[in-house]
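# Structural characterization, general
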Amino acid sequence: MKLILIALLGLALPSAADDTAWPPITREAKPWTRWWWLGSGVDAANLTKQLEAFSQAGLGGVEICPIYGANGYESRDLPFLSEAWTSAYAHTAKEAARLDMGVDLTTGTGWPFGGPWVKEEEASAGMESVMAKAEGAKPVALSLPKGKVEVLSAWPEQGEPLDLMPLVKGAGLEWTPPAGNWRIHGLVSRHAIQKVKRSAPGGAGRVLDPYSTRALDAYLKPFDAALDRTDVPEPRAHFHDSFEYYGAAWTDDLFARFQKLRGYDLRAQLPAFQGEGDADTVARVRSDYREAMSDLHREYLARWHDWAKARGSLTRNQAHGSPGNLLDHYAVADIPETEIFRHVDEGQIPMLQFASSAAHVTGKPLVSAETFTWLDEHFQVTPAKLKEAADFVWLGGVNHILFHGIPYSPEDAAWPGWLFYASTHMGQNGGLWKDLPAFNRYIARCQTALQSGKQDSEVLVYFPMHDLWQDGSKGLPLFTVHDQEKWLHRSSFYKEATALWKQGVPCDFVSDRILGDARAVDQRIQFGGGFYKMLVVPELRYLPIETAKRLLDLAAQGARIVFRGSLPTETPGYPNAAAGRAELAELFKNARIMPDDRPVGELGVRGEPMAAEDLRFVRRRYEDGWSYFIVNRSNEDFDRKVSFATPMKSAVLFDPMRGSSGVVATDGGVRLVLAAGESRILRTYREKTAEGSPWKELETGAAVVLTGTWKVSFLEGGPGLPPSFETTSLDSWTKRDGSSYQNFSGTALYRLEFDWQGKSPALLDLGRICDTARIRLNGKDAGTCWISQPISVELKAGPNVLEVEVTNLAANRIADLDRRKVPWKAFHEINFVNIDYKPFDASGWAPLPSGLLGPVRLSPLK
């Protein structure tokens with residue numbers, strides 16, 4: 001455990017000899033990948049071969065996730081946690097260590113936690129309401145839902161309720177009520193309502209109760225038995241996927257645990273819980289139930305975390321999707337993990353910040369993200385979209401990317417091999433693999449900077465969870481990534497966080513629970529090694545008394561606390577609502593707190609000016625300065641001097657895609673030249689003069705379009721290699737006559753001999769490439785283009801030879817398989833579906849543009 005923590009806390013220190021040198025890259029700085037073991041049908045030789053390929057491609061680690069298997073390979077399946085499976089896992093962990101890679105492990109198969117050893121009483125449970133009316137002296141025969149009756153009572157118009165539990169027989173109630181009108185209220189629980197999704201052999205079974213530490217303790221025993229076998233290494237981290245315990249709304253002993261947490265018996269407010277009575281009481285009781293379930297799930301996560309820690313491992317957790325306070329649930333793990341799904345939209349930034357905020361305010365160095373899930377249809381995700389998505393999650397506070405992902409696929413599986421249905425195919429058969437090392441180097445360079453120093457958020461934003469819980473609706477709302485526009489985007493909290501983002505003010509979020517760890521130091525608020533100039537409380541209605549006291553106490557110690565809109569007037573929950581209302585008003589009256597709606601810039605917090613230029617950034621703090629990861633997210637090229645909110649005497653600019661760097665002038669700001677979508681890293685120094693070579697901006701003369709005869713040959717791919725051809729006009733190879741061109745996915749070599757009489761060096765711009773390219777000039781490697789970008793090259797006076805190896809996506813070859821009805825989709829369970837979760841069929845796809853489309857230009861460097 002100590003070795004793991006040292007590795008995490010000693011991340012990527014900059015070189016002292018040359019400030020322009022790239023810091024060393026750690027395995028945490030490299031991208032990792034989710035590694036689906038289909039059927040756990042793995043063997044030592046294939047495991048080693050694939051891990052070696054991962055290492056050579058620049059991956060830093062894997063997360064093993066066993067899932068359902070492939071048809072026809074059932075004899076290879078290894079039952080989860082069996083001796084054979086554990087042996088395969090141990091081999092993987094040892095080989096990964098040999099390659100300086102890490103291994104994480106899902107605490108189960110598929111998702112969520114569950115398996116064949118989960119007993120019915122330990123399984124997730126739903127809850128169904130019973131509601132009926134009755135009249136005095138009229139016999140009642142009531143059929144009850146299937147399950148265990150937890151409470152059943154009759155409520156008169158006035159007076160105390162009657163307990164009907166002794167009258168329950170089988171699945172029904174027979175009762176003749178006394179005089180008057182009665183309302184019958186009850187709750188029926190039912191365990192084992194869900195089976196593990198996408199489970200692997202040996203992992204199928206009931207889903208675990210996510211609110212029961214007792215059930216979790218029993219669930220973890222088989223993992224102890226497997227990992228305690230001789231010579232079995234512990235994983236770096238255990239992983240818990242997003243909360244997908246669907247329908248889980250009950251846990252045994254809920255009434256006793258609720259009373260301990262909330263201070264009253266839920267059964268005494270059963271009508272309000274089921275929506276009867278005045279709206280305020282209904283909302284308060286339901287809010288208390290939701291808060292109790294949030295606390296119970298947090299206890300569950302904390303027990304899992306403590307178990308992993310005792311074994312010497314860390315934890316990674318995706319808290320989103322739970323019905324509780326996401327900040328508290330993320331904060332339990334050593335590595336909070338968020339995700340993006342389908343599209344990239346700046347409106348999602350606050351959602352990403354829940355995970356990074358939890359890490360920042362609790363002092364954890366890594367924030368991970370499940371990245372590229374359903375970014376587009378299968379085999380159609382472009383390298384440019386991948387870069388945009390990576391940049392995007394970093395802007396949301398992530399610094400540890402995990403691909404979603406790569407399946408294990410044995411060497412003897414026919415192309416495209418074993419696949420997973422909900423991923424961007426980053427593996428060897430997905431069409432992106434050949435030039436993936438260039439992208440991985442970009443990720444590693446960026447994450448080296450993003451894992452260095454300390455976070456530098458200046459403003460805390462209080463997350464008003466009770467305003468969400470106390471909306472009066474029934475059931476347990478799930479706070480998911482996928483429908484954040486319904487529960488998050490309409491809130492004043494979201495508007496505040498978005499405004500800070502647009503103003504260029506880095507911020508973090510804080511919950512009631514976490515706020516208890518805050519300290520006021522020198523008129524700032526200290527959390528987890530970070531210092532904040534201000535805490536903003538968005539306009540809200542409900543504020544717990546304990547939180548109000550904490551905020552006012554911090555303010556009394558000199559911290560800046562800003563309330564937006566009108567002050568909160570209510571305390572949440574059912575007990576003592578009137579007393580809470582009065583106490584809250586008295587607290588604010590005595591503290592003389594007044595709301596303030598001025599922008600934070602007018603309150604002493606300066607935003608980064610670049611935000612107004614459509615440049616987005618992440619800022620990190622060092623003892624001697626700051627670093628900035630900067631992205632031009634506009635659709636226009638950018639070339640201007642930029643001023644900064646932090647002081648600097650000198651600075652070094654790094655280009656993480658090309659790997660270049662240099663000391664940059666800082667007089668009057670820093671000149672940034674960024675194409676649309678391009679990024680830079682800026683390292684600033686407050687007092688010292690940076691040492692190293694100067695930054696060279698590539699200033700060019702007039703561009704020359706290269707003309708002549710291109711010789712095109714096909715090097716590797718399928719279904720077969722098309723005939724070579726020559727052309728004087730660059731266009732997609734799919735436009736040539738013959739299906740062999742339209743169906744081909746792989747690599748083609750473009751070769752051009754040309755005469756150059758201009759200056760050297762020059763800037764080579766390939767124009768449009770579909771989709772990645774490796775460049776050689778006069779037999780020497782000149783670089784790789786993950787996205788189309790100009791490259792500086794050295795030319796000879798006279799004859800030169802340019803060679804460009806272009807690799808396209810796998811889509812055209814996949815479409816050919818489907819047109820020929822080749823049965824490549826042969827997996828158990830869900831098999832293989834499209835982005836809309838319908839049966840996948842690419843037979844109607846038009847060929848995607850492929851190859852070198854140009855125009856290819858050379859521009860002499862001034």
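Refer to the structure presented above.
Keep in mind that this is a model prediction, so the values were computed, not measured.

## Considering the overall build of the chain
If you tally the helices and strands in the chain, you get 19 helices and 44 strands. Compactness check: the chain gives a C-alpha radius of gyration of 30 Å against a globular reference of 29 Å for 862 residues, within 12% of the reference. Seen through its principal axes, the chain has C-alpha atoms that stretch 110 × 70 × 50 Å. Classification of the 862 residues of the chain by burial places 59% in the buried group. Within the chain, contacts between residues at least 6 apart in sequence are counted, and of these 80% link residues at least 24 apart. With the model as given, the accessible surface of the chain reaches about 33200 Å², and the carbon-plus-sulfur share is 50%. Across the chain, the mean location of the 96 positive side-chain charges is 1 Å away from that of the 107 negative side-chain charges.

## Considerations on the environment of Met426
Take Met426: it is sitting in the loop between strand 17 (400–407) and helix 11 (436–450). On the basis of relative accessible area, Met426 is assigned to the buried category, the value being 0%. Along the backbone, Met426 and Asp553 are 127 residues apart, and their C-alpha atoms lie at a distance of 51 Å. Filtering out sequence-adjacent residues up to four positions away, Met426 remains in contact with Phe372, Leu386, Phe403, Gly405, Ile406, Leu432, Trp433 and Leu436.

## A short note on the sheet that holds strand 11 (residues 181–191)
Spatial ordering of the open sheet is given by 5-11-7-8, a layout of four strands whose pairing is antiparallel. Each of the sheet's edge strands pairs with one partner strand only, and the pair in question is strand 5 (125–135) and strand 8 (162–163). Pairing analysis gives two bridges linking strand 7 (residues 148–156) to strand 8, with the strands arranged antiparallel. Directly across from Ala154, in strand 8, lies its bridge partner Leu162.

## Notes on unusual backbone geometry
That bond from Trp415 to Pro416 is cis: its omega, 10°, falls within 30 degrees of zero. Positionally, Pro416 belongs in the loop between strand 17 and helix 11. Here the residue pair Cys770 and Asp771 is connected by a cis peptide bond, since its omega of 20° sits within 30 degrees of zero. Position of Asp771 among the secondary structure elements: in the loop between strand 38 (768–770) and strand 39 (772–777). Notably, Phe372 is not glycine yet its phi reads approximately 85°, a positive angle. As for its position among the elements, Phe372 is in strand 16 (residues 368–373). What makes Phe372 buried here is its relative accessible area of 0%. If you check the backbone angles, Asp614 has positive phi at about 65° while not being a glycine.

## Things to note about the pairing of strand 40 (residues 780–785)
Across five bridges, the pairing between strand 39 and strand 40 is antiparallel. Across the sheet, the residue bridging to Ile775 is Gly783, located in strand 40. Linkage of strand 39 to strand 40, two consecutive antiparallel strands, is achieved through a turn of two residues, within which Asn778 is found at a positive phi near 55°.

## Considering the packing of helix 10 (residues 383–395) against helix 11
Running from N to C, helix 10 and helix 11 cross one another at 10°; their axes reach a closest spacing of 12 Å. By the angle between their axes, helix 10 is roughly parallel relative to helix 11. Of the residues in helix 11, those in contact with Leu386, Lys387, Ala390, Asp391 and Trp394 of helix 10 are Phe439, Tyr442, Ile443, Cys446, Gln447 and Leu450. Looking at the contact of helix 10 with helix 11 residue by residue, the class counts come to eight nonpolar, one polar and two charged.

## Looking at the packing of helix 4 (residues 213–227) against helix 7 (residues 279–310)
Running from N to C, helix 4 and helix 7 cross one another at 25°; their axes reach a closest spacing of 10 Å. Compared by their axis directions, helix 4 and helix 7 come out roughly parallel. The interaxial crossing formed by helix 4 with helix 7 has right-handed handedness. Within the contact between the two elements, helix 4 uses Thr213, Leu216, Asp217, Leu220, Phe223 and Asp224 and helix 7 uses Glu299, Tyr300, Arg303, Trp304 and Trp307. Of the residues assigned to the contact of helix 4 with helix 7, the class counts are six nonpolar, one polar and four charged.

## What to know about the side chain of Thr107
Tracing the chain through its elements places Thr107 in the loop between strand 3 (102–106) and strand 4 (114–115). Within the structure, the side chain of Thr107 is placed 3.1 Å from the side chain of Trp304, a separation counted as a polar contact.

## Re empty space enclosed by the protein
By the definition in use, this model includes six cavities of 30 Å³ or more. One number sums up the size of the second largest cavity: a volume of about 70 Å³. Around the second largest cavity sit Thr106, Thr107, Gly108, Thr109, Gly110, Trp111, Pro112, Phe113, Phe239, His240 and Asp241, which together line it. Tallied by class, residues from the lining of the second largest cavity come to four nonpolar, six polar and one charged.

## Structural notes on the pattern of salt bridges
Summed over all chains, the structure comprises 66 salt bridges. For Asp104, the salt bridge is made with Arg316, and the minimal N-O distance between the two is 3.0 Å. Highlighted residues: Asp104 in strand 3 and Arg316 in strand 14 (residues 314–317), separated in sequence by 212 residues. Judged by its relative accessible area of 0%, Asp104 is buried. Arg316 sits in the buried class, given a relative accessible area of 0%. Residue Glu234 is joined to Arg311 by a salt bridge in which the shortest nitrogen-to-oxygen separation is 2.8 Å. Here Glu234 is found in the loop between helix 4 and strand 13 (237–240), whereas its partner Arg311 is found in the loop between helix 7 and strand 14, with 77 residues between them in sequence. Arg311 gets classed as buried once you look at its relative accessible area, which sits at 16%. A cluster of three or more residues bridged by salt bridges with shared partners is formed by Arg27, Glu28, Arg34, Glu63, Asp104, Arg236, Asp241, Arg316, Glu337 and Glu370.

Rules behind the numbers
- Residues numbered from 1 in each chain as written.
- Predicted model: local features only at pLDDT ≥ 70, side-chain atom pairs only at ≥ 80, totals over all residues.
- Heavy atoms only, no water.
- Helix = DSSP H or I, 4+ residues; strand = E, 2+ residues; numbered from the N terminus.
- Rg over C-alpha atoms; globule rule 2.2 N^0.38 Å.
- Buried < 20%, exposed > 50% of the residue type's maximum accessible area, 1.4 Å probe, protein only.
- Contact = heavy atoms within 4.5 Å.
- Areas by Shrake-Rupley, 256 points an atom, 1.4 Å probe, with all protein chains shown as cover.
- Lys, Arg positive; Asp, Glu negative; His and termini not counted.
- Charge placed at Lys NZ, Arg CZ, Asp CG, Glu CD.
- Pairing = 2+ DSSP bridges.
- Axes fitted to C-alpha atoms, helices over the stretch in contact; angles between N-to-C directions.
- Parallel < 35°, antiparallel > 145°, perpendicular 65-115°, else oblique.
- Nonpolar A, V, L, I, M, F, W, Y, C, P; charged D, E, K, R; others polar.
- Left-handed = near helix turned anticlockwise from the far one by under 90°.
- Polar contact = N/O pair within 3.5 Å; in protein donor to acceptor, adjacent residues only side chain to side chain.
- 1 Å grid on protein atoms, 1.4 Å probe; cavity = no way out; pocket = protein on both sides within 12 Å on 5 of 7 lines; lining within 4 Å.
- Points joined across faces, edges and corners; volume = space filled by probe spheres on them.
- Salt bridge = Lys/Arg side-chain N within 4 Å of Asp/Glu carboxyl O.

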